[in-house]
Amino acid sequence: MNGRRLVIALAGNANVGKSVIFNYLTRLHQHIGNWPGKTVEKAEGTLHFKGYTIDVVDLPGIYSLSTYSIEESISRRFIAVDKPDVVINVIDASVLERNLFFTLQLMELETPMVIALNQMDVASRKGIQIDVEKLEEILGVPVVPTIAVKGVGIFKLLEKAVEIFEGKLSAKPKPVKYGEEVEQRIERIAEAVRDSGLPYPARYVAIKLLEGDREIQEEVEKADPQAAALARRLGEELEKLHGHSCPTLITSERYQAANCIAREVQRLIPPVKPTLGEKLHNVTTHRVAGYLVMAATLLSMFLFVFAMGNFFSELLSSLLYGLKPFFEGFFGTGFIGQLLWGGVVEGLIAGATIALPYVIPFYLVLYFLEDSGYLSRIAFLMDSIMHRMGLHGKAFIPLLLGYGCNVPACLGCRIMETQRERLIAAFVTTLVPCAARTVIILGLVGRFIGIQWALVLYVLDLLIIFLLGRLAFKILPGEPTGLIMEMPDYRLPHLRTVLSQTWFRLLEFLKIAFPLIIVSTLTVKLLEALGMLSFFTSLLAPVTVGWLGLPVETGVTLLFGVLRKELALIMLTTLLGTTDLSQALTPVQMTVFTIVSMFYIPCVATIATLVMEFGWRKALVITVSEVFLALVLGGLALRILVLTGLR
Amino acid sequence: MSTTVETGGREVPLAMLRDGETGIVVSVKSGYGRAWGLKKRLMDMGITPGTRITVVKSAPFHGPMEILVRGYRLAIGRGMAERIFVRVEETQAGCRES
C-alpha cells in the first residue's frame, strides 16, 4: 500500500450494534484477541477505502468513561493516549438519552468523531422520530443514521470518517456547559492543570477531578499536587453549595444535558399495541413461565451442543484415525514413527475431537443467546441463586455448560463483568464434572458399586462447588458487584456477525490450545517410550499407595488422565489387565479413584483455556490447588469409608 | 440544579416499591466500604437525583428488580435497590390501589 493509514475506533454502549458495524467494515480481515494482560477482548480489523488502509478497533461496549470496570479504563486509555484518528461513536437511536450521556463524555475528550445513529428501524418501530440535522447542529459532530443489520449507512459513515481525517469536514464538538457554579470551577482547575503534562485535555481532567475519578486523581496528584489540592477544595465548595456530592452533581448535570438534547431532537408517538418483543420479554421474565422457558431453552441448548459435539467428535475421530495406515506408510512403525503418531498426531486428534466439536456449537449458541438479548433475562431469573456464591445470574450459563465440557464453559466466563467474577466463575466451572468425568463416575462407581453412589458423588461435587465458590468469593480481593444490567429489547441476532464472531474466536482458541496439547502429549509419550513411566509411578507411589490406598498402577492413569479424562478409565483396564474392575479394585478404591479423577486437575485443554483467559500464573494456581483439593478429598474419603467399616 | 427538599410524598428505598409504582430519585447512598464504584455505576446508568423510576417487577426469591429508567429497561440487584431512595408519586400509587 501507499502507506496512507488511519486508525478508527468504534466506541459506544453495549447492545447498540457495534459489533455488527465492525463486521460490516472489516469482514474477513479480523483478529480477535485480548488487550495486553487483560481478559478483555480486543477486536481489530483492516479495510481499504479510498486509497487508505484503515485499522478498525472495536472498543468494549461501555456506558461511561469512568473507571468502574476494566473495559472503561481500557477504552479511555485507548482514546486519550493512543489517539485514534477518528472515533465512530455508535449510538442506539431507540435509547437516545442514555447513549448521549456517553457521547457527551467522548466529546469532553476532544477527539475527532462521527456519530453512527444506529437502530433507526427499531426506534421508528417504537414510535421515536429523530431530527438528525438538529442533533448534528447541537452536538457539532457529523451524525449518520444507520441500520447496521441491513448495512444501511455504513458507506456514508466511512466517507464521513475519512473526510474528518482529511480535514474536509469540521467536527468541532460543542462540549456540555455545566451549571454556572460548576463551570467557573472547571475553568479554574483546567487552568491549573494545563501544564501538568497529562495526556488528556485540561478541561477533561478538571471535570474528572470533580467527578472523583480515582485514576485521574492519582495521576494529577503525582504530576501536580497543588492542582489536585485546588480541585479538592473547589469540589468541597460545590458540595456545600448544592448539598449533593460532587460526582453526583457532575453526573446529574451531564445527564440533564443529555436529556435536554434528546427531548429537543426526538418526537415520540408511542405505539398503542405492545410489540412482539415486549410480549416475549414479559413471558421470559415471568416468575413461573420464565423459569419454564429457561429450562426448556437451556436444555435444548445443552442437547444441541453435545449432540453436535458427539457427532462431529466421532466423525472426526474415525476420519483422523483412518489416516493411520497412510501415516505409518510414510513414517514407518519404528521409534520415530510411533512417537510422531502417538505424540503429535494423537495430540492433534485429541484436541480436534475433544475441543473443536464442542467449542463451535457452543460459541454459536452463546452468541445467539447474547445477541438476541436472552442472556440478560436468564441472569435476571438466576441472580438470587447465584448470588449466594458471590456471583450473579450470568454465571449460571458457564456452570451448566461445564457438565458437558469445561473448555467452552471456561470460555463462557467472559460474559461476567469483572475480572474477579470471571475468575471465580472459571474456578468453580472447572470443578463441574464434564462428560469425560461422567464416564469415570458412571463407568466405575455407577457400574460396579451402584448408581445411587454415583449420585452421591454428584451431590458431593455440588456441595464442594458451592463451598469453594463462597470461599473464593470471600478471599479474592475486589468489591462484590451486584447486578446492574441493561435488558435490551429482543432482536433477531445478525447471522453473519454471529458466524464471524464464532470463527475468529475459534482461531484464537486453536492458536493457544493446540501447542499446549501437543507438547504435553509428546512429553508423556516420550516418557513412555523411554520406559520412564514406571519411574514416575514409583515416585507417585507414596501418594497413590500411601495416602490414597490405590494400586501403584493408578499413578500412570492419573498422569494420562491429564490429557483426556476418559483415558484414565481405559488405561486402568489395560494396566490392571481386566475389564471387570471389581476384580482388581475394592469399592473403596473405586470411590477414591473416582473422587480424585473428579477433582484433581482440569484436562490439558481446559488448562490451555485457563491460560488463554487468565494467564499462566492464575491457571497454575487453579490447577495446583485443584490437585491438592483432590488429594485431600480422596485421602479423607478413604479414611472415612474405612472407619465406617466398608472395605 | 434544584436541590430543594421535597415535602410531599414518602421517601423510601426503591426496594420497597411495589410493581407498577413510580418514584423520583432523591439520593443514592454509597453504602459501606468500597461500594463507591457501585454508586457511580448506578448514576452512570442514569439513576441520578430527580430521575423518574418505574418498578416493573421483581424476580422471585428476593431476586433483582426490573425498572424503567430514562426510556430503557434495567435490572438491578436488591442490595442496589436498597440504596436508592425515592419519593413515591402518591397519585400513581393511588390509582393502582383504587
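Source: prediction; values computed, not measured. (Residues numbered from 1 in each chain as written. Chains lettered and ligands numbered in written order. Predicted model: local features only at pLDDT ≥ 70, side-chain atom pairs only at ≥ 80, totals over all residues. Heavy atoms only, no water.)

Caption draft 1: Spotlight on the side chain of A:N406. Residue and element names in this part refer to chain A. Checked against the element boundaries, N406 lands in helix α18 (residues 406-412). Given the relative accessible area of 1%, N406 is considered buried. Looking at N406, its side chain comes within polar contact range of the main-chain oxygen of V432, at 3.4 Å. (Helix = DSSP H or I, 4+ residues; strand = E, 2+ residues; numbered from the N terminus. Buried < 20%, exposed > 50% of the residue type's maximum accessible area, 1.4 Å probe, protein only. Polar contact = N/O pair within 3.5 Å; in protein donor to acceptor, adjacent residues only side chain to side chain.)

Caption draft 2: Here's a closer look at the interface of chain B and chain A. Tallying the contact residues gives 37 residues for chain B and 47 residues for chain A. Considering only the surface of chain B that becomes buried against chain A, B:R41, B:R70 and B:R73 emerge as the three largest contributors, covering 20% of it. The tally of links from chain B across to chain A stands at four salt bridges. For B:R41, the salt bridge goes to A:E72, with nearest N and O atoms at 3.9 Å. Summed over the shared surface of chain B and chain A, the number is 14 residue pairs in polar contact (both at pLDDT 80 or more). Every element with two or more residues in the side of chain B that touches chain A is listed here: α1 (36-44), β3 (52-58), β4 (65-69) and β5 (72-76) of chain B. Sort the elements by how many residues they give to the side of chain B that touches chain A and α1(B) lands first, with nine residues. Partitioned by chemical class, the residues of the side of chain B that touches chain A number 19 nonpolar, nine polar and nine charged. Two elements, strand β10 (residues 484-486) of chain A and β5(B), share three bridges in a ladder whose sense is antiparallel. Among the inter-strand pairings, A:E486 is bridged to a residue of β5(B), identified as B:L74. (Contact = heavy atoms within 4.5 Å. Buried area = accessible area lost by both parts, 1.4 Å probe. Salt bridge = Lys/Arg side-chain N within 4 Å of Asp/Glu carboxyl O. Nonpolar A, V, L, I, M, F, W, Y, C, P; charged D, E, K, R; others polar. Pairing = 2+ DSSP bridges.)

Caption draft 3: Quick look at the nonpolar core. Residue and element names in this part refer to chain A. Core analysis: the biggest nonpolar cluster contains 113 residues, and M294, I378, L391, I397, F593 and F599 have the highest contact counts within it. Ranked by residues supplied to this core, first place goes to helix α15 (residues 335-372) with ten residues. Setting aside anything within four residues of it in sequence, one finds F599 in contact with L431, D461, I464, E626, L629, A630 and L633. (Core = buried A, V, L, I, M, F, W, Y, C linked by side-chain atoms within 4.5 Å.)

Caption draft 4: Spatial organisation of the confidence of the model for chain A. Mean pLDDT over chain A stands at 86; residues scoring 70 or higher make up 98%. Within chain A, helix α25 (residues 565-576) of chain A has the poorest average pLDDT of any element, 74, and strand β8 (residues 143-145) of chain A the best, 97. (pLDDT = per-residue confidence, 0-100.)

Caption draft 5: Region of interest: the state of the cysteines. All names here are of chain A. Under the definition given, this model contains zero disulfides over all chains. With no disulfide of its own, C246 has C260 as its nearest cysteine by sulfur position, at a separation of 20 Å. The structure places no disulfide on C410, whose sulfur is separated from the nearest cysteine sulfur, that of C413, by 5.5 Å. The class for C410 is buried, based on a relative accessible area of 0%. (Disulfide = S-S within 2.5 Å.)

Caption draft 6: Representation of a negative patch on the surface. All names here are of chain A. Together, D131, E133, E137 and E264 give the surface a local cluster of negative charge. Along the polypeptide, E264 turns up in helix α11 (residues 246-265). On the basis of relative accessible area, E264 is assigned to the partly exposed category, the value being 46%. (Patch = residues over 30% accessible without salt bridge, like charges linked within 9 Å, V, L, I, M, F, W, Y side chains within 5 Å. Areas by Shrake-Rupley, 256 points an atom, 1.4 Å probe, with all protein chains shown as cover. Lys, Arg positive; Asp, Glu negative; His and termini not counted. Charge placed at Lys NZ, Arg CZ, Asp CG, Glu CD.)

Caption draft 7: Region of the structure containing the sheet that holds β4(B). With antiparallel pairing, seven strands are arranged side by side in an open sheet as β10(A)-β5(B)-β4(B)-β3(B)-β2(B)-β6(B)-β1(B). Since the sheet does not close on itself, it has two edges, and those belong to β10 of chain A together with β1 (11-13) of chain B, each with one partner. Here the average twist between neighbouring strands, direction ignored, is 40°. Sheet topology note: the β4(B)/β5(B) ladder contains five bridges and is antiparallel. When the bridges of β5(B) are listed, B:I67 appears paired with B:L74. Against the sheet, helix α16 (residues 374-387) of chain A contacts β10 of chain A together with β3, β4 and β5 of chain B, and its axis sits at roughly 145° relative to β10(A). (Axes fitted to C-alpha atoms, helices over the stretch in contact; angles between N-to-C directions.)

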